[in-house]
Amino acid sequence: MMYEDLSLERFMAGLKKRTPGEVEFHQAVYEVAESVIPFILANPRYRQAGILQRMTEPDRSIIFRVEWEDDEGNIRVNRGYRVQFNNSIGPYKGGLRFHPSVNLSILKFLGFEQTFKNSLTTLPMGAGKGGADFNPRGKSDREVMRFCQAFMTELFHHIGPNTDVPAGDIGVGVREISYMFGQYKRLAQEFTGVLTGKALEFGGSLIRTEATGYGNAYFMQEMLKHHGDSIEGKTCSISGSGNVATYCAEKVTQLGGKVVTLSDSDGFVHDKEGIDPEKLAWIIDLKTNRRGRISEYAEEFGCDFHAEKRPWGLPCDLAFPCATQNELDERDAKTLVSNGCKAVSEGANMPSTVEAIQVLLDNQILYGPGKAANAGGVAVSGLEMTQNSIRMAWTEEELEKKLVEIMTHIHAQCARYGQEGEFINYVKGANIAGFIKVADAMLAYGVG
Ligand code: NDP
Ligand code: 2IT
């Protein structure tokens, strides 16, 4: 494609031709291209340098075999990945996902989103994403350990504290990071902060576990504050019951909201009384230690469980999708709007479909896209890297203050580039603000 021909339709047609079948990747690029192409056309230096074409091709994608032995002595084979997307503004940085659905398209969408998210944090982090089609569900600790070690035995060759710094994502929490860090340390024969989300005993940062969920609640608070409102007294629906969802629930409750739902891939619980801190502690224990199902909450606390359903059909003031991609579709968005929902803040990556986003924007719902609203997690990962480099650990108060400052700053950047009359289009704002820093660095480096 000639750069003078840059239009959304032609750009997407070219991308789809080069990456057939990568539907999640196409979706993530479309959402960015829609807002960034008009900006590029207004700023010809980006167009002439082919920046968007270059940004949508990862620096490299590494795919490898992971072989391990289960508790019965069977040899098992999985596929491991690391997509190193863009290191223009810092080492590749982004999570590892262990889930049976993992494929190249999903990791490319996540790595692409990470480029803009990491740029928005203002910290010096490039973008990457990786993982495996390994399903941790039902596996023993020893099986998870053997898998993590086998995975790291190959990943080891491709990462390093100044090269690529992975962290957690779906199916990868502190247990998995610890096994992988241990294996990296054995192979490298040195102690370096090559992963973030580590346990506190060996270089982890306070607040990292909580950061994505807390950051998402703070982003919602900031959107509401900017429009003369607050979380106080609001009925809140949250999906997911993992790392992001549970700490989002914790902070939303602290900020005065009433959380009435959480979910997992089997369905959602509806607790009309609100999920208070005591009940939430029970859920965190259920999910991180006992590794049970959210339906057990309904049995324990006597509330409703809706099997195979998502929480968006219930009336709520605020919605926080915190489970996975494409978990909120056009119909869900219409239901939220007709039930009077005021704002949606995404803890998950790309939880809303393109059609759902359009419904929310058309109805002037305050809509915080994941790359802005969930950036608190990777931001505190960046702060973990800093603490590892200076060999110091900051206090919880210092870190939470920095997290709040970063989320407030991200909101301000979105407002700066997304203001449309009275309305703030946070999608446009996040995409353009995230784009500029990376694009300018790429321009400065020249081509080659
Ligand atoms: P966890 O593995 O801790 O929790 C994931 C939750 O989402 C679980 O409740 C899980 O249910 C549910 N879920 C996962 N896949 C599906 C699916 N296909 N359908 C329905 N429910 C599903 O992951 P996180 O909380 O870390 O991640 C959640 C989201 O947040 C992801 O989109 C991730 O990319 C994003 N994110 C995470 C960050 C982090 O720091 N961890 C940072 C920024 C974004 P079940 O147990 O039944 O599978
Ligand atoms: O999607 C994400 O931003 C993450 N999973 C966190 C990445 C990180 O490096 O902390």
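Residues numbered from 1 in each chain as written. Chains lettered and ligands numbered in written order. Predicted model: local features only at pLDDT ≥ 70, side-chain atom pairs only at ≥ 80, totals over all residues. Heavy atoms only, no water.

Description of the overall build of the protein chain
Applicable threshold: Secondary structure is summarised from DSSP: a helix means a run of H or I of at least four residues, a strand means a run of E of at least two, and numbering begins at the N terminus for each. Radius of gyration means the value over C-alpha atoms here, while the globule rule gives 2.2 Å times the residue count to the 0.38 power. Exposure is judged per residue with a 1.4 Å probe applied to protein chains only, and the accessible area is read against the type maximum: over 50% gives exposed, under 20% gives buried, and values in between give partly exposed. Residue-level accessible areas treat just the shown protein chains as cover; the underlying method is Shrake-Rupley with a 1.4 Å probe. Positive charges come from Lys and Arg alone, negative charges from Asp and Glu alone, with His and the N- and C-terminal ends not counted. The atoms used to mark charge sites are NZ of Lys, CZ of Arg, CG of Asp and CD of Glu.
For the protein chain, the helix and strand inventory stands at 17 helices and 14 strands. For 448 residues, the compact-globule estimate of 2.2 N^0.38 gives 22 Å, and the C-alpha radius of gyration of the protein chain, at 21 Å, lies within 12% of that figure. Dimensions of the protein chain along its principal axes, counting C-alpha atoms only, are 60 × 55 × 45 Å. Here the protein chain, with 448 residues, has 58% of them falling under the buried criterion. Entry remark: accessible area of the protein chain is about 18100 Å², with carbon and sulfur atoms responsible for 49%. Here the protein chain holds 48 positive side-chain charges and 58 negative ones, and the gap between their average locations is 5 Å.

Examining the site of ligand 2
Applied cut-off: Here a residue is considered near a molecule or strand provided that any single heavy atom belonging to it is located within 4 Å of it. The definition of a polar contact used here is a pair of N or O atoms within 3.5 Å, where within protein one atom must be able to donate a hydrogen and the other to accept one, and adjacent residues in sequence count solely through side-chain atom pairs.
Around ligand 2, a shell composed of 14 residues is seen, among which Lys-93, Lys-117, Asp-169, Arg-208 and Ser-381 lie nearest. At 2.6 Å from an oxygen atom of ligand 2 is found a side-chain nitrogen or oxygen belonging to Lys-93. Between a nitrogen atom of ligand 2 and a side-chain N or O atom of Asp-169, the distance comes to 3.0 Å. Calculation on ligand 2 without its partners gives an accessible area of 290 Å², and the protein chains cover 94% of this total. Elements supplying a minimum of two residues to the shell around ligand 2: strand E3 (92–98), helix H5 (104–120) and helix H15 (375–390).

A word on the sheet that holds strand E6 (residues 235–238)
Where we set the bar: Strand pairing requires that DSSP identify at least two bridges connecting the strands. The convention used is that axes are lines fitted to C-alpha atoms, helices contributing only their stretch in contact, and that angles between N-to-C directions extend from 0 to 180 degrees. The contact criterion used throughout is that any non-hydrogen atoms of two residues lie within 4.5 Å.
Across the sheet, which stays open at both edges, the seven strands sit in the order E9-E8-E7-E6-E10-E11-E12 with mixed pairing between neighbours. Two strands in the sheet have a free side with no partner beyond their single neighbour: strand E9 (304–307) and strand E12 (366–368). Looking at each pair of strands side by side, their axes are set apart by 15 degrees on average, direction ignored. Summarising the sheet, strand E10 (residues 318–320) and strand E11 (residues 343–345) pair through two bridges and their orientation is parallel. Looking at the pairing, Leu-318 lines up with Ala-343 of E11. The strands touched by helix H8 (residues 208–226) are E10, E11 and E12; relative to E11, the strand with the most contacts, the crossing angle is about 150 degrees.

Considering helix H7 (residues 174–188)
Stated precisely, the cut-off is as follows: One fewer than the residue count of a helix, multiplied by 1.5 Å, yields its expected span.
Here H7 is 15 residues long and its end C-alpha atoms lie 20 Å apart, about the 21 Å a rise of 1.5 Å per residue gives. Within the span of H7, buried status applies to Arg-175, Glu-176, Ile-177, Met-180, Phe-181, Gly-182, Gln-183 and Tyr-184. On its buried side, H7 packs onto E3, helix H6 (141–155) and strand E5 (164–167).

A few points about the packing of aromatic side chains
Stated formally: Pairing of aromatic side chains here covers Phe, Tyr and the six-membered ring of Trp, requires ring centres within 6.5 Å, and sorts the geometry by plane angle: under 30 degrees stacked, over 60 edge-to-face, intermediate tilted. Either the NZ atom of lysine or the CZ atom of arginine qualifies as a charge over a ring when it sits within 6 Å of the ring centre and within 35 degrees of the ring normal.
All told, the structure shown has 23 aromatic pairs when counted by the stated rule. Considering the side-chain rings of Trp-68 and Phe-134, the 5.4 Å spacing of their centres and the 85 degrees angle between planes classify their relative orientation as edge-to-face. With Trp-68 in strand E1 (residues 60–69) and Phe-134 in the loop between strand E4 (127–132) and H6, the pair connects residues that are 66 residues apart, well separated along the chain. Among the aromatic residues, those joined into a cluster by ring pairs are Phe-64, Trp-68, Phe-98, Phe-134, Phe-147 and Phe-151. Sitting over the ring of Tyr-46, Arg-45 keeps its end group 4.6 Å from the ring centre. One Lys or Arg, Arg-290, reaches over the ring of Trp-282 and ends 4.8 Å from the middle of that ring.

Concerning the packing of helix H2 (residues 23–42) against H5
Going by this rule: For this classification, under 35 degrees means roughly parallel, over 145 means roughly antiparallel, 65 to 115 means roughly perpendicular, and everything else is oblique. In this classification, Asp, Glu, Lys and Arg are treated as charged, Ala, Val, Leu, Ile, Met, Phe, Trp, Tyr, Cys and Pro as nonpolar, and every other residue, Gly included, as polar.
Interaxial distance between H2 and H5 falls to 6 Å at its minimum, and their mutual angle equals 25 degrees. Considering their axes alone, H2 and H5 lie roughly parallel with respect to each other. Every residue of H5 that contacts H2 at Val-23, Glu-24, Phe-25, Ala-28, Val-29, Glu-31 and Val-32 is listed here: Ser-105, Ile-106, Lys-108, Phe-109, Phe-112, Glu-113 and Phe-116. A breakdown of the residues in the contact of H2 with H5 according to their chemical character gives nine nonpolar, one polar and four charged.

A short note on the layout of surface pockets
Worth spelling out the cut-off: A pocket, in this scheme, is an open set of points on a 1 Å grid over the protein atoms alone with protein on both sides within 12 Å along at least 5 of 7 lines, while a cavity is a set where a 1.4 Å probe fits but cannot get out; residues line either one if an atom lies within 4 Å of a point. Grid points are joined across faces, edges and corners, and a volume is the space filled by probe spheres set on the points.
There is about 380 Å³ of room inside the second largest pocket. Around the second largest pocket, the lining is made up of 16 residues, and of these Gly-193, Met-385, Gln-387, Asn-388 and Ser-389 lie nearest the centre. The element best represented in the lining of the second largest pocket is H15, accounting for five residues.

Concerning the nonpolar core
To keep things clear, this is the line we draw: We define the nonpolar core as a collection of buried residues of types Ala, Val, Leu, Ile, Met, Phe, Trp, Tyr and Cys that are connected through side-chain atoms lying within 4.5 Å of one another.
With 59 residues, the main nonpolar core has Phe-219, Ile-238, Leu-262, Phe-320 and Ile-410 as its most contacted residues. A total of eight residues in this core trace back to one element, the largest contributor, which is H8. Ranked by size, the runner-up nonpolar core spans 39 residues in total, among them Phe-25, Ile-89, Phe-112 and Ala-127.

Notes on the packing of H15 against helix H16 (residues 396–418)
What counts here: Definitions for this section: a left-handed crossing has its near helix turned counterclockwise from the far helix by less than a right angle. A right-handed crossing has that turn clockwise.
Relative to each other, H15 and H16 sit at 130 degrees, their axes nearing to 10 Å. As judged from the angle between their axes, H15 and H16 are oblique. Considering how the two elements wind past one another, H15 and H16 form a crossing that is right-handed. Taking contact as the criterion, the partners of Ala-375, Gly-376, Ala-379, Val-380, Leu-383 and Gln-387 in H15 are, on H16, Leu-399, Lys-402, Leu-403, Ile-406, Met-407 and Ile-410. Tallied by class, the residues present in the contact of H15 with H16 amount to nine nonpolar, two polar and one charged.

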